[in-house]
Amino acid sequence: MLKIVEFNVNGKDYEIAVTPGELLVDTLRIRLGLTSVKKGCSVGECGACAVLIDGVVVNSCIYLTEWAEHKQLITVEGLRNKDNSLHPVQKAFIEEAAVQCGFCTPGFILTAVEIVGHRKNYTRDEIRRLISGHLCRCTGYENIINAIERAVKESHNKLCSITI
């Protein structure tokens, strides 16, 4: 029996009939065409399917679509600013050369957005722990950590300059 689920993805409201047990990764990728959400391990270990749900990173391969009822979801496609410019985290990933093949990048970027959103400074070890739910086969993670550090620092500097 189908269930109607209402949620917001990247600022757009959706009402979708889903089957019981339908995974959010399939709804986002197949039904909505949001291909930044990757199907990697399918058991919540690699982070390639990560999305932000109400500001918290969730692995969509182990999250039922019906659980997203009345929630706000963000994928990498929804990060661009209103003027169509890149999100500061995306810019930091480019500037720090934190991208190689790109398969894992959307998940890392969304986790970095959550990290930046906490408005805290982190040590490299803390960042390593915060991204431990992601796997990358191409990098040594150093540039990814550099990018997250940069995004945190730049967001903190921007916040400080605004509040002064």
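Residues numbered from 1 in each chain as written. Predicted model: local features only at pLDDT ≥ 70, side-chain atom pairs only at ≥ 80, totals over all residues. Heavy atoms only, no water.

Trainee: What is the right way to read the overall build of the protein chain from this model?
Mentor: Across its full length, the protein chain holds 5 helices and 5 strands. Counting from the amino terminus, helix and strand elements in the protein chain follow one another as β-β-α-β-β-β-α-α-α-α. The C-alpha radius of gyration of the protein chain comes to 16 Å, within 12% of the 15 Å expected for a compact globule of 164 residues. Expressed along its principal axes, the backbone C-alpha trace of the protein chain runs to roughly 50 × 40 × 25 Å. Relative to its 164 residues, the protein chain shows a buried fraction of 43%. Counting only contacts in the protein chain whose residues sit at least 6 apart along the sequence, the fraction spanning at least 24 positions is 54%. Carbon and sulfur atoms form 53% of the exposed surface of the protein chain, whose accessible area is close to 8,900 Å². Within the protein chain, the 19 negative side-chain charges are centred at a point lying 4 Å from the centre of the 19 positive side-chain charges. (Helix = DSSP H or I, 4+ residues; strand = E, 2+ residues; numbered from the N terminus. Rg over C-alpha atoms; globule rule 2.2 N^0.38 Å. Buried < 20%, exposed > 50% of the residue type's maximum accessible area, 1.4 Å probe, protein only. Contact = heavy atoms within 4.5 Å. Areas by Shrake-Rupley, 256 points an atom, 1.4 Å probe, with all protein chains shown as cover. Lys, Arg positive; Asp, Glu negative; His and termini not counted. Charge placed at Lys NZ, Arg CZ, Asp CG, Glu CD.)

Trainee: Can you walk me through the nonpolar core in this structure?
Mentor: The tendency in soluble globular proteins is for nonpolar side chains to be buried as a group. V89, F93, F108, I109, I131, I144 and I148 are the most contacted members of the largest nonpolar core, which has 25 residues in total. Breaking this core down by element, the ones donating at least two residues are helix 2 (88-95), helix 3 (105-117) and helix 5 (142-163). A total of 7 residues in this core trace back to one element, the largest contributor, which is helix 3. Beyond its immediate chain neighbours, meaning those up to four positions away, V89 contacts I109, A112, V113, V116 and A151. Grouped together as the second largest cluster of nonpolar side chains are 19 residues, L28, L32, V37 and V58 included. (Core = buried A, V, L, I, M, F, W, Y, C linked by side-chain atoms within 4.5 Å.)

Trainee: Help me out: how do you make sense of unusual backbone geometry in this one?
Mentor: Trans is the prevailing form of peptide bonds, just as negative phi is the prevailing case for residues other than glycine. Even without being glycine, N84 reaches a positive phi, approximately 75°. Assignment of secondary structure puts N84 in the loop between strand 5 (72-74) and helix 2. One non-glycine residue, R119, adopts positive backbone phi at about 55°. Relative to the assigned elements, R119 resides in the loop between helix 3 and helix 4 (124-130).

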